[in-house]
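Reading the structure
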Amino acid sequence: MLRFVTGNDGKVREARAALSADVTQFSYDYTEIQSHDLGTIAAHGAREAYQEVGEPVMVEDSGLFVDALDGFPGPYSAYVEDTLGIDRVWHLTEPEEDHAAAFRSLIAYCDGSALETAPTVRDGDPPVAIFEGRVEGTIVAPRGEGGFGYDPIFEYDGRTFAEMEPDEKNAYSHRGRALEAFADWGETR
Ligand code: IMP
């Protein structure tokens, strides 16, 4: 069993669709350290959660990086969604010439072992494996009812993520790609 440490039901649904492992949602309030690096935040959370439960855990940290806003909101995406809201992020981007943006997802996995076959390992006690996914798109006026978070303002290939079925979003999304890298590694272990 794999414990996905998150309070976000949308993320859990996407992980269950992408992974063959038995994924359980695990609510544990790990310390979200301040960092510009999503991998550092996720690795810290995974190590702390593993130390709490002593069983395999996964933490995912993601963010939306808008080119014209120098990568804002990036690692502050959750805070900005809660405070400004996604409409304001659209209005900040609207006057800019360039609406390009990327979603990034970093998955951190820890099971207490050395994980030396993983493509990226953050050393520490215990070590943490890191898997990354990224998708490039465009910021648009909100459209669509599905998904969560910034999905209504992130357009990929003509549709926003909120206009896609969950399995379609998973096929293209940052999280889908990070989950795929994680699953591929799991199969070869
Ligand atoms: P965190 O990874 O839970 O810290 O989330 C970072 C922020 O990005 C939150 O505001 C999420 O709602 C948002 N976010 C993360 N992944 C997605 C996604 O797939 N679609 C839309 N928003 C997302």
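Residues numbered from 1 in each chain as written. Predicted model: local features only at pLDDT ≥ 70, side-chain atom pairs only at ≥ 80, totals over all residues. Heavy atoms only, no water.

Some thoughts on the overall build of the chain
Each helix and strand counted, the chain has six helices and eight strands in total. Listing each helix as α and each strand as β along the chain from the N terminus yields β-α-β-α-β-α-α-β-β-β-β-β-α-α. Its C-alpha radius of gyration of 16 Å places the chain within 12% of the 16 Å reference for a compact globule of 189 residues. With the principal axes as the frame, the chain shows a C-alpha extent of 50 × 30 × 25 Å. Here the chain holds 189 residues, and 50% of them are scored as buried. As displayed, the chain offers around 9,200 Å² of accessible surface, 45% of which is attributable to carbon and sulfur atoms. Of the charged side chains in the chain, 15 are positive and 37 negative, and the gap between their average positions amounts to 2 Å. (Helix = DSSP H or I, 4+ residues; strand = E, 2+ residues; numbered from the N terminus. Rg over C-alpha atoms; globule rule 2.2 N^0.38 Å. Buried < 20%, exposed > 50% of the residue type's maximum accessible area, 1.4 Å probe, protein only. Areas by Shrake-Rupley, 256 points an atom, 1.4 Å probe, with all protein chains shown as cover. Lys, Arg positive; Asp, Glu negative; His and termini not counted. Charge placed at Lys NZ, Arg CZ, Asp CG, Glu CD.)

Examining the site of the ligand
The immediate surroundings of the ligand are formed by 15 residues, with Lys11, Glu81, Asp151, Lys169 and Arg175 found nearest. One nitrogen or oxygen atom from the main chain of Tyr150 is found 3.0 Å from a nitrogen atom belonging to the ligand. Here the ligand, which alone exposes 480 Å², has 91% of that area covered by the protein. Contributions of two or more residues to the shell around the ligand are made by strand E3 (57-66), helix H3 (77-83) and helix H6 (174-188). Class assignment of the residues belonging to the shell around the ligand gives a composition of four nonpolar, four polar and seven charged. (Near = heavy atom within 4 Å. Polar contact = N/O pair within 3.5 Å; in protein donor to acceptor, adjacent residues only side chain to side chain. Nonpolar A, V, L, I, M, F, W, Y, C, P; charged D, E, K, R; others polar.)

Focus: H6
Across its 15 residues, H6 extends 22 Å between first and last C-alpha, which sits within 8% of the 21 Å expected from 1.5 Å per residue. His174, Arg175, Gly176, Ala178, Leu179, Phe182, Ala183 and Trp185 are the residues of H6 that are buried. On its buried face, H6 sits against strand E1 (2-5), helix H1 (9-18), E3, strand E4 (100-110), strand E6 (128-139) and helix H5 (166-172). (Expected span 1.5 Å × (residues − 1). Contact = heavy atoms within 4.5 Å.)

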